[in-house]
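Okay, here's what each chain looks like letter by letter:
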Amino acid sequence: MLSPRTTPTRDIVGLDGLWRFALGTRAGAAPWASQLAPPLEVPVPASYNDLFVDPEIRDHVGVVWYQRDVRVPRGWTGERVVLRFGSVTHTAQVYVDERLVAEHTGGYTPFEADLTGIVEPGAQFRLTVGVDNRLTNVTIPPGTVTTGPDGHERQSYLHDFYNYAGIARPVRLYSTPTTFAEDVTVVTGRDGTAGTVEYRVETVGEHADTVTVRVRAVDESGRTVAEGHGPEGVLRIEDVTLWQPGAAYLYDLVVELAVDGETVDSYTQPFGVRTVEVRGTDFLINGEPFYFTGFGKHEDTPVRGKGHDDAYLVHDFQLMEWTGANSFRTSHYPYAEEVLDYADRHGIVVIDETAAVGLNLGVQGGLTGIPPTPTFAPENFGGTTRDVHAQHLRELIERDRNHPSVVMWCLANEPASNEDGARDYFEPLVELARKLDPTRPLTYAAVMFATPQNDQIGDLFDVLSINRYYGWYLFTGDLPTAEGYLEQDLRGWVQRFGKPVMMSEYGADTQPGLHSVWDAPWSEEYQSDFLAMYHRVFDRIPEFVGEHVWNFADFQTSPGIHRVDGNKKGVFTRDRKPKSAAFALRRRWHGLGGRRPGQAAAGCGPAGGARRPGAPAAD
């Protein structure tokens, strides 16, 4: 599924803005049959939960309805007309007037409806979308819906971020010719100083059997540097400029379809030439060892919830660059396509993660004291859940495989990889991911309960990503003891699996403005000292390839006595103000250039250490 682009043969109409809105409990039996009656409006893209003061809307479990009127451009006569949603969280039903035109389950990947012949150029239609936020044992991520004594449904889930819902990403109406390029795949490589570009074009339409395919690679100056013919082939770019972390360079693959010598469709696919591989205990980009510095993030901002916002996109990338971060993980779901496009253009490395978070009933048992039932039992997350997980993986890789910024697929966050059934669950998914994309390494983020001794799936993956909170959830306030346990744990993973190891989560909740001269949890000093302790351990392990702090910024969670207005492990507040730890990270990371701390060029500043209030920041 190609991302919509304006080309010589394609046009786009954006449908973002204010839409009519109603709860399913207030919208009547057939909301798509007429104009929604309640006088509520919501912005698209945005989550709806925090927009209103009505608690029934924020706490609503079930379906809500979005609606707007759309006019098809009159110039689209004879063209194919397609409606595309960047995502709808979590299940969508789409109606054009009174006709159901699309259904989709999966809150973080795009879907489309072909409206050709259903709508007419120059005419207006009523677009109505039902959005269901319910999570069950056969959704990704999973959850449980129960009915309370008041008759209202209640939602619970196993992930530690708020279940924001709605139309959180852009909605577009676009046109294509009736014979068109349906998909373009680009795989790059290197041959000495040349770049190789393996391409494949899939064509659909009335002239698909007779169409001629022409492709050309165009550099950033607009110069054609390679050309090819046919639906698949390999281009060679001499003296190629590589896409590098921190130094992005993008080419365009211009695809043109012709019938009897006349161009009938044109599509431009940006790409970067770079290679990724795991060799021994090294993670290599373009044949050079790469060390990840950065964060786990969330699509989470005040008022908008998970709604995509270009202002926050730019500001967040600026703050990551300021800290010296070179990468981030899309925890715990695929992010908006606009985020990856931006990462492509600015040289930020991405670990792209599925929405498979919460496949671990042991976490629930740990919080409640109730003995957990087996995670991968058929009545919990057995075969049906895995099938849903597989479909989500297909949609993720299909969407993101052409992004040079994406260097690794993360199949799940904190699954119960220590439990029986984990291998039967994950082995087919690993095989599927390697079939869909044999060019990128695979990882998963290991939960605290999974140890080097009991983990059952580590050998299936290329990189071991470890989530650990020694000094916070365990040995709280006792950093010397936590340091010993952390080092023993990480060395155990290296010894057993002999693979690259990185820390995909480590952090401590911190209340901004709370200060202490002692090791006082929740203080800004404790967060900085906590991170510095982890960094000392990382630097003693040669097989270590990266550090992603949890989290970039504070984020909202479901209500609970162990959270005060959300998760406060961010090194920035939710409105992006720096805590002391942000300055400590800047001193450690700034100027590394993808190298391990201690291996960077001289003059890049000291590594580690906490900045006490009043101390000067790094330049």
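Residues numbered from 1 in each chain as written. Predicted model: local features only at pLDDT ≥ 70, side-chain atom pairs only at ≥ 80, totals over all residues. Heavy atoms only, no water.

(A) Up close: helix H9 (residues 580-589). Within H9, 10 of the 10 residues are buried, leaving the element largely enclosed by the surrounding structure. Among all positions in H9, only Ser580, Ala581, Ala582, Phe583, Ala584, Leu585, Arg586, Arg587, Arg588 and Trp589 are buried. Taken together, the buried residues of H9 touch strand E23 (292-296), helix H2 (310-323), helix H8 (524-539) and strand E30 (544-550). At the exit of H9 stands Gly591, carrying a positive phi of roughly 90°. (Buried < 20%, exposed > 50% of the residue type's maximum accessible area, 1.4 Å probe, protein only. Helix = DSSP H or I, 4+ residues; strand = E, 2+ residues; numbered from the N terminus. Contact = heavy atoms within 4.5 Å.)

(B) Layout of helix H6 (residues 422-436). Here H6 contains 15 residues, and its C-alpha end-to-end distance of 21 Å stays within 8% of the 21 Å for a straight helix at 1.5 Å per residue. Three or more residues of H6 are buried, namely Ala422, Tyr425, Phe426, Leu429, Val430, Leu432 and Ala433. Looking straight down H6, one finds that the buried residues subtend no more than 165° of arc, so they occupy a single side. In H6, the exposed positions that point more than 90 degrees away from the buried face belong to Asp424, Glu431 and Lys435. The inward-facing, buried residues of H6 abut helix H5 (383-400), strand E26 (406-413) and strand E27 (442-446). (Expected span 1.5 Å × (residues − 1). Arc of directions from axis to C-beta.)

(C) Layout of the side chain of Asp300. Along the chain, Asp300 turns up in the loop between E23 and H2. A distance of 2.6 Å separates a polar atom in the side chain of Asp300 from a polar atom in the side chain of Arg574. Apart from residues no more than four positions distant in its own chain, Asp300 is found in contact with Tyr164, Gly305, Asp554, Phe555, Gln556, Arg574 and Arg576. (Polar contact = N/O pair within 3.5 Å; in protein donor to acceptor, adjacent residues only side chain to side chain.)

(D) Main features of the packing of aromatic side chains. Counting across every chain of the model gives 42 aromatic pairs. Both rings, one in Phe552 and one in Phe572, keep their centres 5.2 Å apart while their planes meet at 45°; by these two values the pair is tilted. Of the two residues, Phe552 sits in the loop between E30 and H9 while Phe572 sits in the loop between E30 and H9, which places them 20 residues apart along the sequence. Each member of the pair, Phe552 as well as Phe572, carries the same accessibility label: buried. Between the NZ or CZ atom of Arg58 and the centre of the ring of Tyr162, over which it lies, the distance is 4.3 Å. The ring of Phe180 has Arg80 sitting right over it, with the charged end atom 3.9 Å from the ring centre. (Phe/Tyr/Trp six-rings, centres within 6.5 Å; stacked < 30°, edge-to-face > 60°. Lys NZ or Arg CZ within 6 Å of the ring centre and 35° of its normal.)

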